[in-house]
Amino acid sequence: MERAGSILRPESSYKENLIGTLLAIFGNLVISISLNVQKYSHVRLSGTKEPRSYFRTKTWWLGLVLMLLGELGIFTSYAYAPLSLVTPLSAVSIVASSILGIIFLREKWKPKEFLRRYVLSFLGCALTVIGIYLLVTFGPNTHEKLSGRNLELHLLGLPFLLYLLVVIIIFCLLLYFYKRQKVAYLVIVLLLVALLGSVTVVAAKGVSGMVILSIQGNIQLTYPIFYVMLVCMVATAVYQAAFLHEISKLHDASQIASLSYILSTIIAVIAGATFYLEFRGTDALHICMFIFGSCMAFLGVFLITKSKKKTTFEPYIMMDAIPGLKSIFDRKSPVQPELSGSFSYGTLENSVNPTDSQQLQALPETQQEPDMPYPAIESKLD
């Protein structure tokens, strides 16, 4: 009965969803700004004659404070809006980073070159914004007060228990292939991250809801489930960071960002639908439009990250860039002389080092002409 009575009326639910959506958008925008500020700090330090530690600069600390503020906004939004609305809104950070990167680009491009280089980014941003609008408009509108008692009932519900069983089985299989069989495909590692991320957001929503209720006067910190969810939230977040750090050494960051967003959003929406029953009472039209908006956001994020070229370091110099070598190639003469019986690779033919010749003359005959191990073969050759 407490669970049914805690469900908000439609008017209050719309208001709660609006607050949570605005907080999520604000948090992702601030996080995007903070990352660009910290990047600007690193670039500025690398160009100075006397580089110093980045944590001694005011710009880097400003970026850190903005990042904590953005994370606080996203964490608070979980208490007001469903997971199915908050999780896809992380695309706002990708769109903002793309726009900020274009605005603060120092290079000067001609209009045609600029459009040809960033046409995919513009198209991706447009699709992502339209997809986010559809997500917010047709997303789930059910919301309830997340008290400790309600969370215990959700935790023991049959849908979430079945979901948790499937997640554990899939996670163990993927971890076996990744650790034991050394199968380090990008999809496998990001599926591990997404499965852990679904547990993280489910726990974060519960912790955020109980904290907000406690601030409002309804103390929820005495429930053991609060501390269980807090530990799960921190532990899964740490393991996510570890997996992402490992995969970032093997794959491009743009590929990781797009595929991670798609997989994490899909699995987080499924987790929210099974644990918090967020799509309960939603008609088929709203569900179809929500899926359509999600697909548009996925396509937009893919196009944004696709437009970013991977920069590779080439630790060599092209031969045509060295003066004088082109004429050597035209004459078809070798750059490196052949061995041709020389004692040292890289020396000219029939060339002897003066110091080596003096040392050879000073040696006794027994050392200059050592005994051959196979005299019979030598006599036959003679």
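Our structure's up above, just so we're on the same page.
Everything in this summary refers to the structure shown in the same document. Please read all numbers here as calculations on a predicted model, not as lab measurements. (Residues numbered from 1 in each chain as written. Predicted model: local features only at pLDDT ≥ 70, side-chain atom pairs only at ≥ 80, totals over all residues. Heavy atoms only, no water.)

## Some words on the packing of aromatic side chains
Defined as follows: Each Phe, Tyr or Trp ring, with Trp reduced to its six-membered ring, pairs with another whose centre is within 6.5 Å; inter-plane angles below 30 degrees give stacked pairs, above 60 give edge-to-face pairs, and intermediate values give tilted ones. Whether a charge sits over a ring depends on NZ of Lys or CZ of Arg being within 6 Å of the ring centre and within 35 degrees of the ring normal.
This model, assessed by the stated rule, comprises nine aromatic pairs. Its guanidinium or amino end placed over the ring of Tyr276, Lys205 lies 5.5 Å from that ring's centre, counting from NZ or CZ.

## Things to note about unusual backbone geometry
Stated formally: Helix and strand definitions follow DSSP, with helices as H or I runs of at least four residues and strands as E runs of at least two, each counted in order from the N terminus.
Look at Lys182: it is not a glycine, yet its phi comes out positive at around 60 degrees. Structurally, the position occupied by Lys182 is in the loop between α8 (158-179) and α9 (186-215). In the Ramachandran plot, Leu277 falls in the positive-phi region, its phi being about 50 degrees despite a non-glycine side chain. In this fold, Leu277 is placed in the loop between α11 (253-275) and α12 (284-306).

## Focus: the nonpolar core
The test is simple: What we call a nonpolar core is a set of buried Ala, Val, Leu, Ile, Met, Phe, Trp, Tyr and Cys residues that are connected through their side-chain atoms within 4.5 Å. Buried means the residue's accessible area, taken with a 1.4 Å probe over protein chains only, is under 20% of the maximum for its type, while exposed means over 50%, and partly exposed covers the values in between. In this analysis, two residues are considered to be in contact whenever any of their non-hydrogen atoms come within 4.5 Å of each other.
In this structure, Tyr78, Leu151, Met229, Phe243, Tyr261, Phe275 and Tyr276 are the most contacted members of the largest nonpolar core, which totals 55 residues. Considering each element in turn, this core owes the most residues, 15 residues, to α9. Those residues in contact with Tyr276 that sit more than four places away from it in its chain are Leu83, Glu144, Leu146, Leu151, His154, Val202, Lys205, Gly206 and Ala271.

## A short note on the packing of α11 against α12
Using the following cut-off: Axis geometry follows a simple rule: fit a line to the C-alpha atoms, using only the stretch in contact for helices, then measure angles between N-to-C directions, giving values from 0 to 180 degrees. Working definition: roughly parallel below 35 degrees, roughly antiparallel above 145 degrees, roughly perpendicular at 65 to 115 degrees, and oblique for all remaining angles. Handedness of a helix crossing follows the sense of rotation of the near helix relative to the far helix, less than a right angle counterclockwise being left-handed and clockwise being right-handed.
Orientation of α11 relative to α12, taken along the N-to-C sense of each, is 165 degrees, at an axis distance of 8 Å. In this view, α11 runs roughly antiparallel relative to α12, as classed from their interaxial angle. Judged by the twist between their axes, the crossing of α11 over α12 is right-handed. For the pair α11 and α12, the contacting residues are Ser254, Ala257, Ser258, Tyr261, Ile262, Thr265, Ile266 and Val269 in the first and Phe290, Ala297, Phe298, Val301, Phe302 and Thr305 in the second.

## Points about the environment of Thr21
Within the secondary structure, Thr21 is located in helix α2 (residues 10-46). Residue Thr21 is classed as buried on the basis of its relative accessible area, which comes to 7%. In this structure, the C-alpha to C-alpha distance between Thr21 and Pro82, residues 61 residues apart in sequence, is 9.1 Å. Residues in contact with Thr21, not counting those within four places in the same chain, are Ala81, Leu85, Leu89 and Val136.

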